[in-house]
Amino acid sequence: MDYQSFFKGKLNDLREEGNYRVFADLERQNGNFPHANHHDGSAVRDVTVWCSNDYLGMGQNQVVLDAMREALDRCGAGSGGTRNISGTNHYHVLLERELADLHGTESALLFTSGYVSNMAALSTLAASLPGCVVVSDELNHASMIEGIRHSRADKVIFKHNDVADLEAKLKAIGPDRPKLVAFESVYSMDGDIAPIAEICAVAEKYGAMTYIDEVHAVGMYGQRGGGVSEQDGVASRLTVIEGTLAKAFGVMGGYICGSTALCDFVRSFASAFIFTTALPPAVAAGALASIRHLKRSSAERLRQKERVSVVRRKLDEAGIPHYDNPSHIVPVIVGDPVKCKEITDQLMDEYRIYVQPINYPTVPKGTERLRITPGPLHTDDDIDHLVGALSSIWKKRGLVRAA
Ligand code: PLP
């Protein structure tokens, strides 16, 4: 077989569909978030980032940076091993305690990313419980789908956020088999939020465990940043709360929180936890400082909410169509992969605004979009510039305005 031609052919298919991904070469400017230098060939230009998942700017918060510097000076660069073989640093232990406290659980377990935490925890739990059926929301993230697939357990999909359909699916499974309901709180592409209390009620009725991904909610929702489950007062009803340290907490890593027995079980049996080097101590220290800060400070959360509402209002005034949802994610729907890429290229080239086009397979074909994430550090001028740019592009291209 001509392997290289095979690879090139597949890549050409992606290009023709408009789904080939081009990464923006960015250099974040510390202390000047959300600004970054964009390296484009030989040119370097300052751009404003409007699609970052460093939702609260904690990746450049002084408290976090100081903690990381101190840990780097105390412990050096890497952790030096897997958690089992010399790699458990005291910062990991402190961070796991902090996470358990954040979510009000007995225990927590750290992973190298949110992706790995979903993959490892879901695959281990579903594979180990004899005859387990995973009941999974149809819009769950790729990392959850991979974890479930890897477990080889039976999987049943329920309609997105549809509690009646979930109940019908749980009922049909029968009382004797272990069941695990897997879902998210804030869905990252549409920005809608799951009815967590209702899902828990149905799961309790049918004796199912619940696994929630709060990746796009931790740090931002709830009085202490414990996510939507904290905000809704339902954290104690969930069997597993999974989250990331890479988005609102601004650093890197993933985790699960739950009972001591469950976390110890995953710690003891999950390959993707056991056989990989632990996070660098400075990363754990930064995440620890970030969580502690956001437990006490609501300033970042409040400012983010206010910025989100201003962006939505100005988009409405300009007639730029966007999904109305209760979260911080503002999806501006374009509905065509080629147009979506052209619009984002134009934003970058003409307006020095960086928004990554979101195309298939991240979202269904026909719903291609700009996913805008306003943060506490976007200024009024930034917002006016963004909305003005979109408005001009909409006009030039004759795109449909919202009523
Ligand atoms: N879960 C969801 C819903 C996500 O959107 C993502 C990443 O964007 C992840 C998990 C993975 O988290 P991480 O980026 O920490 O690997």
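Everything below is about the structure printed above this text.
Scope of this entry: the structure provided in the associated data block. (Residues numbered from 1 in each chain as written. Predicted model: local features only at pLDDT ≥ 70, side-chain atom pairs only at ≥ 80, totals over all residues. Heavy atoms only, no water.)

Regarding helix α4 (residues 90–103)
Argument step 1. Here α4 contains 14 residues, and its C-alpha end-to-end distance of 20 Å stays within 8% of the 20 Å for a straight helix at 1.5 Å per residue.
Argument step 2. Every buried residue of α4 is listed here: Tyr-91, His-92, Leu-95, Glu-96, Glu-98, Leu-99, Ala-100, Leu-102 and His-103.
Argument step 3. On its buried face, α4 is in contact with α2 (62–75), α3 (83–87), β4 (107–111), β9 (240–244), β10 (254–258) and α12 (281–296).
Argument step 4. Gly-104 sits one or two residues past α4 and shows a positive phi near 65°. (Helix = DSSP H or I, 4+ residues; strand = E, 2+ residues; numbered from the N terminus. Expected span 1.5 Å × (residues − 1). Buried < 20%, exposed > 50% of the residue type's maximum accessible area, 1.4 Å probe, protein only. Contact = heavy atoms within 4.5 Å.)

Re the sheet that holds strand β3 (residues 43–49)
Argument step 1. The 4 strands lie next to each other as β1-β2-β3-β12, forming an open sheet whose pairing is mixed. With partners counted over all chains shown, the strands left at the sheet margins are β1 (26–28) and β12 (353–354), one partner each.
Argument step 2. Of the strand pairs in this sheet, strand β2 (residues 35–40) and β3 are connected by 6 bridges, and their pairing is antiparallel. Its bridge partner lying in β3, His-35 is registered against Thr-48. (Pairing = 2+ DSSP bridges.)

A short note on the packing of helix α5 (residues 114–128) against helix α6 (residues 142–151)
Argument step 1. At a closest axis distance of 7 Å, the pairing of α5 and α6 adopts a crossing angle of 30°. The angle between α5 and α6 falls in the class roughly parallel. Crossing geometry of α5 relative to α6 is assigned as right-handed. Mapping the contact onto sequence places Tyr-115, Asn-118, Met-119, Leu-122, Ser-123, Ala-126 and Ala-127 in α5 and Ala-142, Ser-143, Met-144, Glu-146, Gly-147, Ile-148, His-150 and Ser-151 in α6.
Argument step 2. Among the residues making up the contact of α5 with α6, the classes are represented as 8 nonpolar, 6 polar and 1 charged. (Axes fitted to C-alpha atoms, helices over the stretch in contact; angles between N-to-C directions. Parallel < 35°, antiparallel > 145°, perpendicular 65-115°, else oblique. Left-handed = near helix turned anticlockwise from the far one by under 90°. Nonpolar A, V, L, I, M, F, W, Y, C, P; charged D, E, K, R; others polar.)

What about the side chain of Thr-82?
Argument step 1. Along the polypeptide, Thr-82 turns up in the loop between α2 and α3.
Argument step 2. Since its relative accessible area comes to 18%, Thr-82 is described here as buried.
Argument step 3. With residues up to four places along the chain from it excluded, the contact list for Thr-82 reads Gly-87, Thr-88, Ile-274, Phe-275, Thr-276, Thr-277 and Ala-278.

Some points on the site of the ligand
Argument step 1. Surrounding the ligand, one finds 14 residues, the nearest of these being Gly-114, Asp-213, His-216, Thr-244 and Lys-247.
Argument step 2. His-216 is positioned with one of its side-chain polar atoms (N or O) 2.6 Å from an oxygen atom of the ligand.
Argument step 3. Note that an oxygen atom of the ligand is positioned 2.6 Å from one of the side-chain N or O atoms of Thr-244.
Argument step 4. Protein chains shield 84% of the accessible area of the ligand, which is 390 Å² for the free molecule.
Argument step 5. Residue composition of the shell around the ligand, grouped by class: 3 nonpolar, 8 polar and 3 charged. (Near = heavy atom within 4 Å. Polar contact = N/O pair within 3.5 Å; in protein donor to acceptor, adjacent residues only side chain to side chain. Areas by Shrake-Rupley, 256 points an atom, 1.4 Å probe, with all protein chains shown as cover.)

Let's talk about the layout of surface pockets
Which parts of space are left empty comes out when a probe the size of a water molecule is rolled across the atoms.
Argument step 1. Volume-wise, the second largest pocket comes out at about 540 Å³.
Argument step 2. Around the second largest pocket sit 24 residues that line it, and Val-22, Phe-23, Ala-24, Gln-356 and Pro-357 are the ones nearest its centre.
Argument step 3. Top element by residues in the lining of the second largest pocket is helix α14 (residues 337–351). It accounts for 5 residues. (1 Å grid on protein atoms, 1.4 Å probe; cavity = no way out; pocket = protein on both sides within 12 Å on 5 of 7 lines; lining within 4 Å. Points joined across faces, edges and corners; volume = space filled by probe spheres on them.)

Some details on empty space enclosed by the protein
Argument step 1. By the definition in use, this model includes 2 cavities of 30 Å³ or more.
Argument step 2. Considering the residues around the largest cavity, the lining is formed by Arg-83, His-92, Leu-110, Phe-111, Thr-112, Val-116, Ala-272, Phe-273, Thr-276, Thr-277, Ala-278 and Leu-279.
Argument step 3. Elements that contribute at least two residues to the lining of the largest cavity include exactly β4 and α11 (271–274).
Argument step 4. Counted by class, the lining of the largest cavity contains 7 nonpolar, 4 polar and 1 charged residues.
Argument step 5. Considering only enclosed or pocket space, the second largest cavity measures out at about 40 Å³ in volume.
Argument step 6. Along its surface, the second largest cavity is lined by Phe-33, Pro-34, Val-49, Ser-52, Asp-54, Tyr-55, Thr-373, Gly-375 and His-378.
Argument step 7. Residues belonging to the lining of the second largest cavity are distributed by class as follows: 4 nonpolar, 4 polar and 1 charged.

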